[in-house]
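The lines below spell out each chain.
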Amino acid sequence: MINLRHIEIFHAVYSNGSVSAAARALNVSQPSVTKVLRHAEMLLGFPLFERAKGGLVPTEDAHTLFAEVAEIQTRVYSLRQASQNLRHGRGGTLRISALPSLSLGALPEAVARFLGDHQGVSFDLQTVHHDDMVRKLYERESDIVVSYEVPPAAPVSHRWLGEGELVVLYREADMPDAPPRIPLDLLRGRPFISPMQSGPIGNLLSAELQRVGVELDEVVSARTFYIASALVKAGVGMTIVDNFTAQAAQAPGLSFRPIQPSLAFDIHAVHLQNRPPSGLATAFLKVLSEVIEAL
């Protein structure tokens, strides 16, 4: 049976009218084209071309065969083009879910940078909370989830992207003499918007407050960092959020400072074990990691 190489050579000779022209089109030598063409004729049991003045003339059998071969060659070309696009980061769709705290700053910046060098790529972006990330992966809503924790009991793998840290978000009028880093005991007696029920970051803060023996004056409990940030803007009090949320919430009269000592956390790209990131996704995660480290 003839193979794809035979088909490619036959298609090139038929389309270009001569061995020399086919060799130039395929960027190979004339002897190699002649050899493959003769081998194809031997396997088929009939000639494909007859020599004539000025080139080769297809036989009637070749005309019949070409009608079938043309479709195959088009599909082979499409396959090669798709492979090149993937190798060079062109084409394809990236389905990414990220925590809300990363979705208004780091993620858009990474997408903008990536699209500048990878035209033709499309994104399907969603926000996700920690308790919903495994479902999104299982149900193929997302290929990658960018998260602050890795689910311990799920068949997932992860890649480390960088670090974030907790910061105090406050109105400058409420703390005009704030130091470069704010110890938790400096917040005693001040109206505090608590993020304790906001997942792993809330757990991290709660554990640190217990460790240092600080009890804050909680006036509101906010289940999302963006609600907490909005309450700070409204003058309800101050809060502790991740640095990405704080940067996205920046407004005149608002500031944030990291905690003393530093409370850092890891950022991961989580995916199913049997669905590792594609080459295109890996390239994007590299850009996202660079953006996270720069913020």
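Residues numbered from 1 in each chain as written. Predicted model: local features only at pLDDT ≥ 70, side-chain atom pairs only at ≥ 80, totals over all residues. Heavy atoms only, no water.

- As annotated in an unreviewed UniProt entry, the protein chain is Molybdate transport repressor ModE-like protein from Sphingosinicella soli.
- The UniProt entry for the protein chain carries the following text under Sequence similarities (unreviewed entry): "Belongs to the LysR transcriptional regulatory family." (UniProt positions renumbered as here; feature names shortened; annotations may be inferred.)

**Quick notes on the domain arrangement of the protein chain**
So, step 1. Under the domain assignment used here, the protein chain contains domain 1 (4-87), domain 2 (91-161 + 266-293) and domain 3 (164-264).
So, step 2. For domain 1 versus domain 3, the distance between C-alpha centres works out to 70 Å. (Domains from an automatic or database assignment.)

**So, the pattern of salt bridges**
So, step 1. Applying the stated rule across the entire model yields 12 salt bridges.
So, step 2. Here Arg5 ties to Glu8 by a salt bridge, and the two come within 2.5 Å at their closest N and O atoms. Here Arg5 and its partner Glu8 are both found in helix H1 (residues 4-16), three residues apart, which amounts to about one turn of the helix.
So, step 3. On the basis of relative accessible area, Glu8 is assigned to the buried category, the value being 10%.
So, step 4. Between Arg275 and Asp143 there is a salt bridge, with the nearest N and O atoms lying 3.6 Å from each other. Of this pair, Arg275 sits in the loop between strand S12 (264-272) and helix H11 (279-294) while Asp143 sits in the loop between helix H7 (133-138) and strand S5 (144-147), and the two are 132 residues apart along the sequence.
So, step 5. For Arg275, a relative accessible area of 35% gives the class partly exposed.
So, step 6. One connected set of salt bridges, linked through shared partners, spans Asp132, Arg135, Lys136, Glu139 and Glu141. (Salt bridge = Lys/Arg side-chain N within 4 Å of Asp/Glu carboxyl O. Helix = DSSP H or I, 4+ residues; strand = E, 2+ residues; numbered from the N terminus. Buried < 20%, exposed > 50% of the residue type's maximum accessible area, 1.4 Å probe, protein only.)

**Remarks on the nonpolar core**
So, step 1. One finds Leu94, Val168, Leu187, Ile240, Ile267, Phe284 and Leu288 to be the most contacted residues of the largest nonpolar core, which totals 60 residues.
So, step 2. It is H11 that provides the largest number of residues to this core, a total of eight residues.
So, step 3. Both of domain 2 (91-161 + 266-293) and domain 3 (164-264) provide at least three residues apiece to this core.
So, step 4. Counting 18 residues, the second largest nonpolar core, distinct from the first, contains Ala22, Leu48, Ala62 and Phe66. (Core = buried A, V, L, I, M, F, W, Y, C linked by side-chain atoms within 4.5 Å.)

**Thoughts on the packing of helix H6 (residues 106-117) against H11**
So, step 1. It is at 9 Å that the axes of H6 and H11 come closest, and there the two elements cross at 125 degrees. Judged by the inter-axis angle, H6 sits oblique to H11. In terms of crossing hand, the pair formed by H6 and H11 is right-handed. Of H11, the residues touching H6 (which contributes Ala106, Leu107, Glu109, Ala110, Val111, Arg113 and Phe114) are Leu280, Ala283, Phe284, Val287, Leu288, Val291 and Ile292. (Axes fitted to C-alpha atoms, helices over the stretch in contact; angles between N-to-C directions. Parallel < 35°, antiparallel > 145°, perpendicular 65-115°, else oblique. Left-handed = near helix turned anticlockwise from the far one by under 90°. Contact = heavy atoms within 4.5 Å.)

**Quick word on the pairing of strand S3 (residues 93-98)**
So, step 1. Pairing between S3 and strand S4 (residues 122-127): six bridges, direction parallel. Considered in S4, the bridge of Ser97 is made with Gln126.
So, step 2. Bridging between S3 and S5 involves three bridges; their strand directions are parallel. The partner of Ile96 across the bridge, within S5, is Ile144. (Pairing = 2+ DSSP bridges.)

**Remarks on H1**
It helps to recall that an α-helix has 3.6 residues per turn; residues three or four apart then point in one direction.
So, step 1. Compared with the 18 Å implied by 1.5 Å per residue over 13 residues, the 18 Å span of H1 between its first and last C-alpha is a close match.
So, step 2. Inspection of H1 places His6, Ile7, Glu8, Ile9, Phe10, Ala12 and Val13 among the buried residues, and these make up the whole buried set.
So, step 3. Just downstream of H1, Gly17 is the residue with a positive phi angle, here 85 degrees. (Expected span 1.5 Å × (residues − 1).)

**Brief notes about the packing of aromatic side chains**
So, step 1. All told, the structure shown has eight aromatic pairs when counted by the stated rule.
So, step 2. Seen in terms of ring centroids, Phe10 and Phe66 are 6.3 Å apart; in terms of plane orientation they differ by 75 degrees. Their pairing is edge-to-face. Of this pair, Phe10 sits in helix H1 while Phe66 is found in helix H4 (residues 60-87), placing the two residues 56 residues apart along the sequence. Both residues of the pair, Phe10 and Phe66, count as buried. (Phe/Tyr/Trp six-rings, centres within 6.5 Å; stacked < 30°, edge-to-face > 60°.)

**Here we look at the environment of Thr93**
So, step 1. Mapped onto the fold, Thr93 is located in strand S3.
So, step 2. Along the sequence, Thr93 and Leu280 sit 187 residues apart, while their C-alpha atoms lie 8.9 Å from each other.
So, step 3. Sequence-distant contacts of Thr93, defined by excluding residues within four places in its chain, comprise Ser122 and Asp124.
So, step 4. In terms of polar contacts, Thr93 uses its side chain to reach the side chain of Ser122, at 2.7 Å. (Polar contact = N/O pair within 3.5 Å; in protein donor to acceptor, adjacent residues only side chain to side chain.)

**A look at the side chain of Ser101**
So, step 1. Within the secondary structure, Ser101 sits in helix H5 (residues 100-103).
So, step 2. Its relative accessible area of 5% is what places Ser101 among the buried residues.
So, step 3. A polar atom in the side chain of Ser101 sits 2.7 Å from the side chain of Tyr148.
So, step 4. The residues contacting Ser101, other than those within four sequence positions of it, are Tyr148, Tyr226, Asp242, Phe244 and Thr245.

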